[in-house]
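Chains, contacts and geometry: an overview
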Amino acid sequence: MTDIDKPINFIQQVINADLEAGTVKKVITRFPPEPNGYLHIGHAKSICVNFGIAEQYDGACNLRFDDTNPAKEDEEYVHAIIEDVRWLWPQWQGDICYASNYFDQLYSWAQYLINEGKAYVCELNAVDMREYRGTLTEVGKNSPFRDRSASESLALLEQMKVGEIDEGRMTLRAKIDMASPNINMRDPVMYRIKKMAHQRTGDKWNIYPSYDFAHGQEDAIEAVSHSICTLEFAANRPLYEWFVANLPLPSTPHQYEFGRLNLNYTVTSKRKLKQLVDENHVEGWDDPRMPTISGLRRRGVSAHSIREFCDSLAVAKTDGVVDIAQFEHFIRDDLNNNACRAMCVINPVLVTLTNYSADKNEEFVVPGHPNRDDLGERSLPFSSQIYIDRNDFSEDTTLSRKKFKRLVIGDYVRLRSAYIIRADEVIRDASGEISEIIASIVPDTVGQDAPEGIKARGVIHWVSASKSADCTVKIYDRLFNKAAPDAGDENFLDNINPESLKVIEGCKVEVGLLDAQAGDHYQFEREGYFTRDSKSTRDSKGSELAFNCTIGLRDNWKA
RNA sequence: UGGGGCGUGGCCAAGUGGUUAAGGCACCGGGUUUUGAUCCCGGCAUCGGAGGUUCGAAUCCUCCCGCCCCAGCCA
């Protein structure tokens, strides 16, 4: 939006030309999800394209529910979609529209086409209709009902509408060309019978319009100037244009197609995502491993980073697969700039500082962010007993300083924002595991360089043993093991990563995080970015403090 | 196979006859650093193939190869 240097894409070129030629006065787009599932990262790109263009050209973008198939749709999805759109694009003030609001208008346009001799009620069943349609290489043949009178079709359509005809017995079809090389033009279905209540129109209708008979007209009603959809609809464009050309519409919208977003290691198909939910492979649509907007939100991915990522994507006609690393880059980039720092010891081991008085307590005031003064400061209580991570300690004194920049027995390490300490000895429990590390501080090293002769191997994070909070940490890995989980004849369920969720209890976090809220972003130093989980269903003790790992820090060091 | 669309480095992608073929991600070196993070510096392609047009082509033409979409009363 603010990138002046960013080259304009082919849709913007079209819009510029339309504006210049005066064929378009106001740019109106729409984001038209079917409420049959939750929105995912692929929809995010479409949202950014449509809302972004509307904003850029000072136009408008409607959120329009394409609710033409009550068999698959549900009100739950409508609410979830609205919530996700508002979260992703908070400044949006546009209209919420529904295809179902236009059902009456659509019906009278169907009658119009019948009267024009351009539509007819067909009594071919599904099997016969397929037979008559022909194949990719053979033309179809005309339905025996194609030439029935307008008055007869009109009467039949009314009977279909009021429920006097059984499902599957009849359809309303457009009379176009059964020999068209484009199969979509071989007398496509405009209305089919579904004796089913609709979540918004109740049982008023027993017939529902098809996507093709609805979409262009919806656009025309809303004065959409540029109807932007994905590549797979390109073959439907001639049909879209046919309805626009043959109906007395209030405006003449045009359809443009761009490549949808595909990400490796992820599946973005509402059908498959729904299957993951329905078969309990994940906890729900908002499971933090899901590529859904709600899952990403719960995971701790910011709306800003999603927008930045989508903005980095090309709006073009190529359909490629974007590397998940590109998305992760934008997630880290935003969190690095905006997340407050904190310390959390995920795998704690007790450290007792023998030369630090047991009743002494210090508070170190440290910045919330290394280079963002506006993010304030926080206070770190220090005491004679602290926790560090087991992985940050080793008894192997042969480890080189370059290879292991942490605490080694007999050697020094810097406690982040605090003292340099030396590990002196270890205490083991009955099983032989280290239960405690005995260490000592090097005095006067807080905020000071190490004295002559002492060199810390590195910097590690820690937390006061007495003044810290217990928490659970959930670490996520990619949901699928394969870059293309659903490629070819692969069953994507076979490629689910069995270790995609790791729940670690008994972690120790600085006390300040006791009132962290879901949606607050933190960087647990040397670990990664975290946010409080909005639902801690896996916790053993009810409303325990639990954090989701949004993403780990980049890790360039090779062991 | 009929129709539609697409092929620029490992990935995404600018480029619209004259540029040393942008940029980002990833990766590989090096520097800074009280986060093995961040940050900084450097490295990393002749454009699906073959012909042709032209003084000059990733950009124009021809043929070939590959990939995607369409045969739901789904969207």
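Please refer to the structure placed before this passage.
Only a predicted model underlies this, so the values are computations on that prediction, with no experimental measurement involved.

This part covers the overall build of chain A. Across its full length, chain A carries twelve helices and 27 strands. Computed over C-alpha atoms, the radius of gyration of chain A comes to 31 Å, more than 25% over the 24 Å expected from 2.2 N^0.38 for 559 residues, which places it beyond the range of a compact globule. Seen through its C-alpha atoms, chain A measures out along the principal axes to roughly 100 × 55 × 40 Å. The long-range fraction of contacts in chain A, counting pairs at least 24 apart against all pairs at least 6 apart in sequence, stands at 71%. About 25500 Å² of surface is accessible on chain A, with carbon and sulfur atoms providing 47% of the total. For chain A, the centre of its 66 positive side-chain charges and the centre of its 86 negative side-chain charges are spaced 2 Å apart.

Attention now moves to the protein's contact with RNA strand B. Around RNA strand B lies a shell of 65 residues, among which T137, R341, K402, R416 and G447 are the nearest. Counting only the atoms of RNA strand B within 4 Å of the protein, the fraction contributed by sugar and phosphate is 62%. Within the contact set of RNA strand B, a phosphate oxygen lies 2.8 Å away from a side-chain nitrogen or oxygen of T68. At 3.3 Å, a side-chain N or O of K194 approaches a phosphate oxygen of RNA strand B. Residues of the surface near RNA strand B, tallied by class, amount to 20 nonpolar, 23 polar and 22 charged.

Scanning the entire structure with this criterion turns up 25 aromatic pairs. Seen in terms of ring centroids, Y356 and Y419 are 6.0 Å apart; in terms of plane orientation they differ by 70°. Their pairing is edge-to-face. Placement of the pair is Y356 in the loop between β12 (348–353) and β13 (362–367) and Y419 in the loop between β18 (412–415) and β19 (420–428), with a sequence separation of 63 residues. Assessed through its relative accessible area of 3%, Y356 is described here as buried. Aromatic ring contacts, followed pair by pair, group F103, Y107, Y191, W205, Y208, F213, W242 and F243 into a single cluster. Geometry around Y107 places K161 over its ring, the cationic atom sitting 4.6 Å from the centre. In this structure, K161 is placed above the aromatic ring of W205, and the distance from its NZ or CZ to the ring centre is 4.9 Å.

Here the focus is the sheet that holds strand β3 (residues 96–98). Strand order across the open sheet formed by three strands is β1-β2-β3, with parallel pairing between neighbours. Of all the strands in the sheet, the pair left with one neighbour each is β1 (28–31) and β3. The mean inter-strand angle of the sheet, taken between neighbouring strand axes irrespective of direction, is 35°. Looking at chain direction, strand β2 (residues 60–65) and β3 are connected through three bridges and run parallel. Bridge assignment links F65 to a residue of β3, and that residue is Y98. Helix-sheet contacts for helix α3 (residues 75–88) involve β1, β2 and β3, and the interaxial angle to β2 is about 160°.

The biggest cluster of nonpolar side chains holds 38 residues, and the ones touching the most others in it are I41, V85, I306, F309 and F327. Elements with a minimum of two residues in this core: α2 (41–56), β2, α3, α10 (293–299), α11 (303–312) and α12 (324–338). Ranked by residue count, the leading element in this core is α2, at six residues. Shared between two domains, this core holds at least three residues of each, these being domain 1 (10–258) and domain 2 (263–337).

As a further point, take the packing of α2 against α11. One can describe the packing of α2 onto α11 by two numbers: an axis separation of 9 Å at closest approach and a directional angle of 75°. Relative to α11, the element α2 lies roughly perpendicular. Contact with α2, carried on its side by I41, A44, K45 and C48, involves I306, R307, F309 and C310 of α11 and no other residues of that element. The class makeup of the residues in the contact of α2 with α11 is six nonpolar, no polar and two charged.

The next point concerns α3. For α3, which comprises 14 residues, the first-to-last C-alpha distance of 20 Å matches the rise-based estimate of 20 Å (1.5 Å per residue) to within 8%. Here α3 has its buried residues at Y77, V78, A80, I81, I82, D84, V85 and L88. For α3, the N-terminal cap is D74; the gap from its side-chain oxygen to the backbone nitrogen of E76 is 2.8 Å.

Calculation criteria
- Residues numbered from 1 in each chain as written.
- Chains lettered and ligands numbered in written order.
- Predicted model: local features only at pLDDT ≥ 70, side-chain atom pairs only at ≥ 80, totals over all residues.
- Heavy atoms only, no water.
- Helix = DSSP H or I, 4+ residues; strand = E, 2+ residues; numbered from the N terminus.
- Rg over C-alpha atoms; globule rule 2.2 N^0.38 Å.
- Contact = heavy atoms within 4.5 Å.
- Areas by Shrake-Rupley, 256 points an atom, 1.4 Å probe, with all protein chains shown as cover.
- Lys, Arg positive; Asp, Glu negative; His and termini not counted.
- Charge placed at Lys NZ, Arg CZ, Asp CG, Glu CD.
- Near = heavy atom within 4 Å.
- Polar contact = N/O pair within 3.5 Å; in protein donor to acceptor, adjacent residues only side chain to side chain.
- Nonpolar A, V, L, I, M, F, W, Y, C, P; charged D, E, K, R; others polar.
- Phe/Tyr/Trp six-rings, centres within 6.5 Å; stacked < 30°, edge-to-face > 60°.
- Buried < 20%, exposed > 50% of the residue type's maximum accessible area, 1.4 Å probe, protein only.
- Lys NZ or Arg CZ within 6 Å of the ring centre and 35° of its normal.
- Pairing = 2+ DSSP bridges.
- Axes fitted to C-alpha atoms, helices over the stretch in contact; angles between N-to-C directions.
- Core = buried A, V, L, I, M, F, W, Y, C linked by side-chain atoms within 4.5 Å.
- Domains from an automatic or database assignment.
- Parallel < 35°, antiparallel > 145°, perpendicular 65-115°, else oblique.
- Expected span 1.5 Å × (residues − 1).

All quantities given are derived from atomic positions and should not be read as evidence of function.
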